[in-house]
Structures are given as C-alpha cells and as structure tokens.
Amino acid sequence: MTAALQTDDHPAFTFHQGSAPLLVSMPHVGTHVPPAIASRLTDEARQVPDTDWHLERLYGFVREIGASVLVATHSRYVIDLNRPPDGASLYPGQSVTGLCPVDTFDDTPLYRDGAVPDEAEIAARREAIWVPYHAQLQRELERIRAAHGVALLWDAHSIRSVLPRFFEGRLPDLNLGTANGASCAPGLARQLLEIGEASGYPSVLNGRFKGGYITRQYGRPEQGVHAVQLEMTQSSYMQEALPFDYLPDVAARVQPTLRRMLEAALEFARERAGRR
C-alpha cells in the first residue's frame, strides 16, 4: 500500500467561527484513525488512550462567549498537530512523543510487528492532516487580528495526572504554558495563574508543560497575537482509565475556573483592541 493511501477522506478538523477576538484550538481531541493505519496498530493503541478526551464538552461554554473553535478529528497517533512539521523535539533531553508517534504515553509500541510509518507515509499524513489544520488556524488568527486589532489563541489540552514517563509524581491540575513568557503578555499570564491559584486547584505557569508547537509558533505578542496553552489533569473532569467517561459532577467543579480564565483572556484581548 502506498503512503498516499494511508489516509482517507475524513476531514482534518471541524471549525466554528465566532465573533470575539478569541480562538480555542483543540489539537488532541480527535479519535479517528484511518482503517489502513488502524489495521497495523496494537489492540491497546486502537483504544487511543492518549486522547485529550471530552474537551469539547468541558469547554462547551466558549461559544457562548463568542470564541472561534478549531477541533482536530484525527487521533494524535495518526499525526500530532502540536509538533513541528519536521518532528524536532520541543523538550530536548526529555522523553517525548513524535510527529507521527510510534509509542504510547506508557512507552509501549503503537504498531504491531514494527510496522511503523516511513518518511513517505509521514509526509503524506502531514500533507493531508497537519497542513490543513494549521492553515485554518493561521487564517482564523489573521481574520481575528484584522477584525479586532488583536487575537488571543487558547490551546486546550488534557493529560493523565500520573505519567512517570513524562514527569515525577502527580501533575498540578492546571498547567499554563506561555513558552517561558514569549507567547503572551506577562500581565495576562500572571492573571491567569492567579485565577488558577485562587480556585484551589494546584496551578503552575511554565512548569513541565511550557506550551507546544502551536503556542510557540503562533504566539507573537509584538504582532498582536497572544497564545496560551492550558494542560489540565484529566482527573479534574473525567475518568482517567477505560472507558474514559466524562464525570459531569467533577467537571462542574472546574468549569467555573476555566470560564473565568477564558473570560479574563477575552477581556484582555478586548482591552488591547480598544487601545488600537
């Protein structure tokens, strides 16, 4: 089978255009795996356990506040939309998964019998899925900035609270990343951290997760585009093991904090827009 046939006609993303100067990106919520790829995966990998489950539901309020929403459809096992197109590591010297991962977060193989993608297949996946997602992300940021004079990008993620491969102990519940201060105004980052800390959920800024490719690539405060990544623990809103159920009562406790953060980010963007 040729590399071109390893993908299918499934759309690379869904998109809702809002009216506010805020774009929420969800690059790891997708679960679709083209059949030609799924047939090569292990039984464990077919469960796509490393998905950022249920974020669309958790962040359901963002449409109410006028945000645009960009949501991936394909599993990160097919291609990781929050990695550089050349596959370079975002955390040199630390354990990471790649552009087209070959192992799970538990460091087990994704592919049966070593049937990992070659360079031609990786290039085909990049062209079919990564490129359209990022083209849409770029277009929407440019549209928002043209309309409002400023754009705020919120990159939404979640992860299991305990993952020895990537960090020791238990991860703080709310992990804000701004590329060590390079992707958004420092005042906004401080305000978001204060909201997290006041909520009672353990919170950190630029800790283990500083923002992935999306935050680092598109956050250009000097050009009017501010980007923030939030990596949440999944235990804050869902069941972390199979069947990965959404827990409405648990989620309802953290959603007000999320909303305060997004509303603060939106207010920041509107204040900046008003100065232009």
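Residues numbered from 1 in each chain as written. Predicted model: local features only at pLDDT ≥ 70, side-chain atom pairs only at ≥ 80, totals over all residues. Heavy atoms only, no water.

Draft legend 1. Representation of helix α7 (residues 248-274) within the structure. Compared with an ideal rise of 1.5 Å per residue, which puts 27 residues at 39 Å, α7 spans 37 Å between its outermost C-alpha atoms and is within 8% of the ideal. Along α7, the sharpest change in direction is near 35 degrees and occurs at V254; proline P256 comes one to four residues later. Considered for burial, the residues of α7 that qualify are A251, V254, T257, L258, M261, L262, A264, A265, L266, F268 and A269. In this fold, the buried residues of α7 make contact with β2 (22-26), α3 (55-58), β4 (151-159), β5 (174-177), α5 (186-199) and β7 (225-233). (Helix = DSSP H or I, 4+ residues; strand = E, 2+ residues; numbered from the N terminus. Expected span 1.5 Å × (residues − 1). Bend = angle between axes of the 7 residues up to and from the residue. Buried < 20%, exposed > 50% of the residue type's maximum accessible area, 1.4 Å probe, protein only. Contact = heavy atoms within 4.5 Å.)

Draft legend 2. A look at the pairing of β4. Of all 9 residues in β4, 9 are buried, a share of seventy percent or more. The sheet contact formed by β2 and β4 spans 4 bridges and is parallel. Its bridge partner being in β4, L22 is matched across the sheet by L152. Sheet analysis places β4 next to β7, joined by 9 bridges and oriented parallel. Looking across to β7, one finds that A156 is bridged to L230. (Pairing = 2+ DSSP bridges.)

Draft legend 3. Broad picture of the pattern of salt bridges. One pass over the full model with this rule turns up 14 salt bridges. Its salt-bridge partner being R165, residue D103 comes within 3.4 Å of it at the nearest N-O pair. Residue D103 is found in the loop between β3 (68-72) and α4 (119-148), and its partner R165 is found in the loop between β4 and β5; the two are separated by 62 residues along the sequence. Neither D103 nor R165 differs from the other in exposure class; each is buried. Several salt bridges share partner residues, and in doing so they unite D52, R76, D80 and R83 into one network. (Salt bridge = Lys/Arg side-chain N within 4 Å of Asp/Glu carboxyl O.)

Draft legend 4. Examining the sheet that holds β7 more closely. Across the sheet, which stays open at both edges, the 7 strands sit in the order β1-β3-β2-β4-β7-β5-β6 with mixed pairing between neighbours. Each edge of the open sheet carries a strand with a single partner, namely β1 (13-16) and β6 (203-205). Within the sheet, the average angular offset between the axes of one strand and its neighbour, ignoring direction, is 15 degrees. Along the sheet face, α5 touches β4, β5, β6 and β7 and points at about 165 degrees away from the line of β6. (Axes fitted to C-alpha atoms, helices over the stretch in contact; angles between N-to-C directions.)

Draft legend 5. Structural detail: the nonpolar core. Counting residues in hydrophobic clusters, the biggest one holds 87 residues, and the most contacted among them are L58, Y59 and W154. In terms of residue count, α7 provides more of this core than any other element does, 10 residues in total. Residues within four places of L58 in sequence aside, it is in contact with M232, Y237, Y246, A251, V254, Q255 and L258. (Core = buried A, V, L, I, M, F, W, Y, C linked by side-chain atoms within 4.5 Å.)

Draft legend 6. Fine view of α4. End to end, α4 covers 41 Å across 30 residues, agreeing with the expected 44 Å (1.5 Å per residue, within 8%). Of all the bends in α4, the largest measures some 40 degrees and sits at R126. N-capping of α4 is provided by D118, with a side-chain oxygen placed 3.2 Å from the backbone N of A120. In the segment just after α4, G149 is the residue with positive phi, at about 85 degrees. (Polar contact = N/O pair within 3.5 Å; in protein donor to acceptor, adjacent residues only side chain to side chain.)

Draft legend 7. Representation of unusual backbone geometry. A cis amide bond links L242 with the next residue in sequence, P243, at an omega value of 5 degrees. Relative to the helices and strands, P243 is located in the loop between β7 and α7. We note that D107 has phi near 65 degrees; this positive angle belongs to a residue other than glycine. Examined against the element boundaries, D107 turns out to sit in the loop between β3 and α4. In this structure, N206 is a non-glycine residue whose phi angle is positive, near 55 degrees. Within the secondary structure, N206 sits in the loop between β6 and α6 (213-218).

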